[in-house]
2 protein chains.
Amino acid sequence: MMSAAAHRRLAAESWESLLRAQVAVMRELHKEPIFKEVGSREYDVLFNLSRCPTGWLRLNELNDNVLLTQPSISRLVDRLEERGLVRRKTPDDDRRGVLIGLTEAGAALQKKVGRAHVQNIMHVMEEGLTDAEMQVLLELTGKLRATVAVRAATPTPSGK
Amino acid sequence: MMSAAAHRRLAAESWESLLRAQVAVMRELHKEPIFKEVGSREYDVLFNLSRCPTGWLRLNELNDNVLLTQPSISRLVDRLEERGLVRRKTPDDDRRGVLIGLTEAGAALQKKVGRAHVQNIMHVMEEGLTDAEMQVLLELTGKLRATVAVRAATPTPSGK
DNA sequence: CCAAGATATATGCGTTTGCATCTAATATAC
DNA sequence: GTATATTAGATGCAAACGCATATATCTTGG
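Predicted, not measured: the structure shown is a model, and the values here were computed from it. (Residues numbered from 1 in each chain as written. Chains lettered and ligands numbered in written order. Predicted model: local features only at pLDDT ≥ 70, side-chain atom pairs only at ≥ 80, totals over all residues. Heavy atoms only, no water.)

Quick look at the overall build of chain A now. Each helix and strand in chain A was counted, giving six helices and three strands. Taken from the N to the C terminus, the helices and strands of chain A come in the order α-α-β-α-α-β-β-α-α. In chain A, which comprises 160 residues, the share counted as buried stands at 46%. Considering only residue pairs separated by 6 or more positions, chain A has 51% of its internal contacts joining residues 24 or more positions apart. Taken as a whole, chain A presents about 8,500 Å² of accessible surface, with 53% of it coming from carbon and sulfur. For chain A, the distance from the average site of its 24 positive side-chain charges to the average site of its 21 negative ones is 5 Å. (Helix = DSSP H or I, 4+ residues; strand = E, 2+ residues; numbered from the N terminus. Buried < 20%, exposed > 50% of the residue type's maximum accessible area, 1.4 Å probe, protein only. Contact = heavy atoms within 4.5 Å. Areas by Shrake-Rupley, 256 points an atom, 1.4 Å probe, with all protein chains shown as cover. Lys, Arg positive; Asp, Glu negative; His and termini not counted. Charge placed at Lys NZ, Arg CZ, Asp CG, Glu CD.)

Turning our attention to the sheet that holds strand S1 (residues 56–58) of chain A. All names here are of chain A. Ordered by their spatial adjacency, three strands build an open sheet running S1-S3-S2, and the pairing between neighbours is antiparallel. Each edge of the sheet is formed by a strand with only one pairing partner; in this case those strands are S1 and strand S2 (86–89). Neighbour-to-neighbour, the strand axes of the sheet open up by a mean angle of 30 degrees, direction not taken into account. Relative to strand S3 (residues 99–102), S2 is paired through four bridges, and the arrangement is antiparallel. Counterpart to Lys89 in the pairing with S3 is Leu99. (Pairing = 2+ DSSP bridges. Axes fitted to C-alpha atoms, helices over the stretch in contact; angles between N-to-C directions.)

A complete count under the given rule lists 28 salt bridges over all chains for this structure. As a salt-bridge pair, Arg58 of chain B and Asp94 of chain B come within 3.5 Å of each other at their nearest N and O atoms. Of this pair, Arg58 of chain B sits in strand S1 (residues 56–58) while Asp94 of chain B sits in the loop between strand S2 (86–89) and strand S3 (99–102), placing them 36 residues apart in sequence. Considered together, Arg58 of chain B and Asp94 of chain B belong to a single accessibility category, that of buried residues. Overlapping salt bridges bring together Glu28, Lys31 and Glu127 of chain A together with Arg151 of chain B as one network. (Salt bridge = Lys/Arg side-chain N within 4 Å of Asp/Glu carboxyl O.)

In total, this model carries four aromatic pairs over all chains according to the counting rule given. Aromatic pair Tyr43 of chain B and Phe47 of chain B: ring centres 6.1 Å apart, planes at 35 degrees, arrangement tilted. Of this pair, Tyr43 of chain B and Phe47 of chain B both sit in helix H2 (residues 40–50), separated by four residues, roughly a single helical turn. Relative accessible area serves as the criterion here: at 14%, Phe47 of chain B is assigned to the buried category. In textbook terms, an aromatic cluster arises when at least three aromatic residues are bridged by ring pairs, as seen for Phe35, Tyr43 and Phe47 of chain A. We note Lys89 of chain A situated over the ring of Trp56 of chain A; from NZ or CZ to the ring centre the distance is 4.2 Å. (Phe/Tyr/Trp six-rings, centres within 6.5 Å; stacked < 30°, edge-to-face > 60°. Lys NZ or Arg CZ within 6 Å of the ring centre and 35° of its normal.)

In the region of DNA strand D, 21 residues are neighbours, and Ser72, Arg79 and Arg96 of chain A together with Arg58 and Ser74 of chain B sit closest. Across the atoms of DNA strand D situated within 4 Å of the protein, the share located in sugar and phosphate is 67%. For the surface near DNA strand D, the secondary-structure elements that each account for two or more residues are helix H4 (70–82) of chain A together with helix H3 (59–65) and helix H4 (70–82) of chain B. (Near = heavy atom within 4 Å.)

The UniProt record marks residues 1–146 of chain A with the feature "domain: HTH marR-type" (unreviewed entry), using the residue numbering of this structure. Taken as a whole, residues 1–146 of chain A contains 68% helix and 8% strand, while its terminal C-alpha atoms sit 26 Å from one another. (UniProt positions renumbered as here; feature names shortened; annotations may be inferred.)

Moving on, we come to the sheet that holds S3 of chain B. Residues and elements named next belong to chain B. On the basis of which strands lie adjacent, the open sheet formed by three strands has the order S1-S3-S2 and antiparallel pairing. Each edge of the open sheet carries a strand with a single partner, namely S1 and S2. On average, each strand axis in the sheet is tilted by 30 degrees relative to the strand beside it, whichever way the strands run. Relative to S3, S1 is paired through three bridges, and the arrangement is antiparallel. Across the sheet, Trp56 pairs through a bridge with Gly101, a residue of S3.

Next comes the structure, spelled out in structure tokens:
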């Protein structure tokens, strides 16, 4: 059993380590010349669209995965639309909403950037961690994300 | 032994999971009303300054930990300076550089925000992970960060 | 069925960010 | 020791961002 203070410290330190690792890797990945064509957030939107079964995502679904406010995503999508990389369409069942989907050009660009990017991710990750470690990291971050998602969805999941 | 394709996929997925977990937790933490007083990046600078032995950090050292460009940090520091939270001073040994340090008001604000923030971090983290899991996460992200730092510092550490 | 509230996205506007570039100071080459 | 290259920050300016709020649609209670 751990003291309350030690528990608190562990939580804070593990979060900070996660944050700094993300910053370090992100900065390294962002050096790729491929990101001159699309900003990393813009790529992230293209990526999310490429990885969804129907090919269409609601604006608010995009918003869950990208660390931007709703208005910023709306305008990011505007810019992608102007460049002919994505399209908007209104869903039949809820005409308040918008569905965003890749155009052919958008899908092609995503694939092109994605290939280079994945290659780079692999170099960075494999330099730091073994396959087994990556597997553990994947599980732990997945678990963390899942519980946070639940927390965010409910008013007061546990006490507070 | 893992196939090359599976290895690549594992690397990409573990990185993505890390990224999304960071986004999810960050968004949750950012809801705290305490961040009305200082933006989370501004707090991050105050935090980094509070956690360094000498009390002074170079601008480029801050830049290593915060995901902003050098000009942006320079201006972020401008704003903090105008608010009386940090001070600039020129180091004797290298008069190109700048040292940034907390003022008393800055240190006080950091402590105040920090307390609430750590409390919140603890709630979020402990809901998702056990102490043992946090420990593992801390180690893996630390290892990852360390190797990326080396990679960033050297021209071509391994092949590429 | 209608009014009141909630939800999904868009838009006005001031602030912050990044890119390119500038200045000042140090390190290197000759 | 002087010229050249390099490094550390600062600054002009256009693009991107967040906050507050507007608009349109859906949902709910009566």
